[in-house]
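# Notes for the structure review
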Amino acid sequence: MDYVIHILTTAGIFAILALSLDLLVGFGGMISLASGVFFGIGAYSSALLVKAGWPVAGAMLAGIGLSTLLSLVIALPAMRIRGVYLLIVTISVQMIFTTIMQNWRSVTGGDAGVPNIPPITLFDLKLRGVAFVALVAASCALLWWLLRRMTDSPFGRVLRAIRDDEAGAASLGKDATAAKLAAFGLSAGVAAYAGSLYAHYNSYIDPLSFNIGLSILVLLMVMLGGAGTLYGPMVGAVVLTILPEALKFLPLPPGIAPALRQFAYGALLVAVVFIRPQGLLGKAPSQRHAHR
Amino acid sequence: MTAMHHREPALSVRNIRKSFSGIRVLENVSFDIEAGTITALVGSNGAGKSTLVNLLTGVLAPDDGEIRLAGADVSHMAAFRRARAGLLRTFQHPRVFGSFTVAESVALARTPPAVEGFGTSLMSILKRRSSPPCFGASYPVEERLLPLIGMPAVQLSYGEKKLLMLSQVLAAQGSVLCLDELCAGLEPPVVDQVRTCILGLATEGKAVLFVEHNLALVRSLATRVIFLHQGRVFRDGPVDEVLTDPHVVSLYLGE
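Residues numbered from 1 in each chain as written. Chains lettered and ligands numbered in written order. Predicted model: local features only at pLDDT ≥ 70, side-chain atom pairs only at ≥ 80, totals over all residues.

### Quick look at the overall build of chain B
A count of helical and extended segments in chain B gives 10 helices and 10 strands. Radius of gyration (C-alpha) of chain B: 19 Å, near the 18 Å computed for a compact globule of 255 residues. For the C-alpha atoms alone, the extent of chain B along its principal axes is close to 65 × 45 × 45 Å. For chain B, the residues scored as buried account for 45% of the 255 residues in total. For chain B, long-range pairs separated by at least 24 residues make up 68% of all intrachain contacts whose partners lie at least 6 apart in sequence. (Helix = DSSP H or I, 4+ residues; strand = E, 2+ residues; numbered from the N terminus. Rg over C-alpha atoms; globule rule 2.2 N^0.38 Å. Buried ≥ 20, exposed ≤ 12 C-beta atoms within 10 Å, placed from the backbone. Contact = placed C-beta atoms within 7 Å.)

### As for the interface of chain B and chain A
Taken together, the contact between chain B and chain A spans 31 residues of the former and 25 residues of the latter. At the level of secondary structure, the elements contributing two or more residues to the side of chain B that touches chain A comprise α2 (79-84), α3 (102-110), α4 (118-126) and α6 (158-172) of chain B. Grouping the constituent residues of the side of chain B that touches chain A by class yields 15 nonpolar, 11 polar and 5 charged. (Nonpolar A, V, L, I, M, F, W, Y, C, P; charged D, E, K, R; others polar.)

### Focus on the sheet that holds strand β4 (residues 64-69) of chain B
All names here are of chain B. Spatially, 4 strands are ordered β2-β1-β4-β5 in an open sheet, and the strand pairing comes out antiparallel. Lying at the two open borders of the sheet, with one neighbouring strand each, are β2 (23-33) and β5 (72-73). Sheet analysis places strand β1 (residues 11-20) next to β4, joined by 5 bridges and oriented antiparallel. Across the sheet, residue Leu11 finds its bridge partner in β4, namely Leu69. Here helix α1 (residues 49-57) sits on the sheet and contacts β1, β2 and β4; the angle it forms with β2, its principal contact strand, is near 65°. (Pairing = 2+ DSSP bridges. Axes fitted to C-alpha atoms, helices over the stretch in contact; angles between N-to-C directions.)

### A few points about the domain arrangement of chain A
Residue and element names in this part refer to chain A. Partitioning chain A into structural domains gives domain 1 (2-241) and domain 2 (252-292). Sorting the residues of the side of domain 1 that touches domain 2 by element identifies α10 (212-225) and α11 (231-247) as the ones contributing at least two each. Tallied by class, residues from the side of domain 1 that touches domain 2 come to 5 nonpolar, 5 polar and no charged. (Domains from an automatic or database assignment.)

### Topic: helix α3 (residues 56-78) of chain A
Residue and element names in this part refer to chain A. Between its terminal C-alpha atoms α3 stretches 32 Å, which fits the 33 Å expected from 23 residues at 1.5 Å a residue. Among the residues of α3, Ala59, Met60, Gly63, Ile64, Ser67, Thr68, Ser71, Ile74, Ala75 and Ala78 are the ones counted as buried. Against α2 (35-51), α4 (84-103) and α9 (176-202) lie the buried residues of α3. (Expected span 1.5 Å × (residues − 1).)

### A closer look at the packing of α2 of chain A against α10 of chain A
Residue and element names in this part refer to chain A. For the pair α2 and α10, interaxial distance at closest approach is 7 Å and the crossing angle is 110°. In terms of their interaxial angle, α2 and α10 are classed as roughly perpendicular. Crossing geometry of α2 relative to α10 is assigned as right-handed. Contacts from Ser35, Gly36 and Phe39 of α2 reach α10 at Ile212, Leu214, Ser215 and Val218. (Parallel < 35°, antiparallel > 145°, perpendicular 65-115°, else oblique. Left-handed = near helix turned anticlockwise from the far one by under 90°.)

### A word on α6 of chain B
Residues and elements named next belong to chain B. Helix length check: α6, at 15 residues, gives a terminal C-alpha distance of 21 Å against a target of 21 Å (1.5 Å per residue), a fit within 8%. With respect to burial, α6 is a largely interior element, 13 of its 15 residues being buried. Downstream of α6 by one or two residues, Gln173 has phi in the positive range, about 60°.

### A few points about the confidence of the model for chain B
Low pLDDT means the predicted atomic positions in that stretch should not be read closely. Residue and element names in this part refer to chain B. Put simply, chain B has an average pLDDT of 89, and 93% of its residues get 70 or more. Looking across chain B, the model is least confident in α4, with a mean pLDDT of 81, and most confident in strand β6 (residues 87-90), with 96. Reported for the predicted complex are a pTM of 0.87 and an ipTM of 0.90. (pLDDT = per-residue confidence, 0-100.)

### Things to note about the environment of Ile88 of chain A
Residue and element names in this part refer to chain A. As for its position among the elements, Ile88 is in helix α4. According to the C-beta neighbour criterion, Ile88 is partly exposed, with 13 such atoms within 10 Å. Along the primary structure Ile88 and Thr121 are separated by 33 residues, whereas in three dimensions their C-alpha atoms are 40 Å apart.

### Some thoughts on the pairing of strand β7 (residues 176-180) of chain B
All names here are of chain B. Along β7, 5 of the 5 residues are buried, which leaves the element largely enclosed by surrounding structure. Every second residue of β7 is oriented toward a common face, with Val176, Cys178 and Asp180 on one face and Leu177 and Leu179 on the other, all of them buried. As defined by bridge partners, β6 adjoins β7 across 4 bridges and the pair is classed as parallel. Note on β7: the bridge partner recorded for Thr90 is Leu179. Alignment of β7 against strand β8 (residues 207-211), held across 5 bridges, turns out to be parallel.

Structure (structure tokens):
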């Protein structure tokens, strides 16, 4: 039972992270491989500040604020570029972040990481197990509702218009830079919140948890589930969290089992790409560009 | 304030130059356009008409020269700021927002900058105030889109997409409208309605500059024609004078 709760908690935290990236990829049309950076900033800020005596809520907010601020600093010069060039910038930022976290030992503890992070407490009650899953699920639901409303709001319309046709949006007076910056900042803040939950849940963090592998995994969750659908990335997060665990139960011959598991994981991903390139819940392109 | 208060032209273009990789596309283009007038921009393919519209609206930056909107220098202003200042356009090739319905497209154009900021939108979401897109046709030509308002914009026909672009420009409430071959490819009854619409816009006091190849349409709409030839203003004057000028006729129709 603890095992199931653990998987659900992890899946829920990743669902929040995937939602934050969907705001960029699905609605802003900006592909980023720096989720790990903002996830990591949230986790490290929250962990280090709480260990320094801050209340959890304050540490969380500080992490969210720092992450948002840093994302704006990174995004401001990066807003002029798009597509694969933006992707390269975010990869560089991700690499730099991992290097800093590994080498700034006096603060981050280097590769040894930060141990003994206290759990989140509510009225002297430590949030663990089912209570923590409830917190994660509620956060996820609230975020989903907020993003859903946002996509139908005037701001969301501007963001979508810029994704669809930036020059066309500019011809109607829409400020692409401002809208993209806001989306980047919001996305980074949400990722930091997920990171904070992760740190207090896991009680231990190290640079490996926030490296480019994680950023690729989150992007995979978004693309697998269906970018721009909000439901899709959450489903992607659950699937890609449960799948490696579920594959452990396959009756495989010992010795080659880990390799076969990796193979099955890869084969399933490739199958999805071929069968549903728009993602599990994504709209089929034929529906969007119908006849006439 | 001086006693002799001179009203600035709605749009003023001075000595605009533009080259692409060494090839002069526009050379010393200058003209003024007054509010409430309709001016046609005519010329052969490659004369620089679309480049001029792109320069005016900020899609391209001029190499030299000045563009003033009601007296204010907008030569180096970003395209979106010019649009907010009232300088609007339609595109020669119809373009629509791929994920938008017809109603959403018009709502997008109508929403003022103050409403669509991130903070403002967030507040209205938290207050559970919704902002459903509304269409609100104000010209007969827009009523053609009324049965289609729920349809994805990409599913519209060529002509319908052009009407949607026009509706967006109408909703955005500009003072100077650059219409790049808006009527090309439209059916005659629709062209009639677009013409009525443009005449109405001029009556409202908007300055209209339209690129058009159909000279019958130019005669029935414009009072003035700017004839571009090889990137220069070759003739600029009343429609009858320019279109009957033998040089213009031979350049435009002669070959």
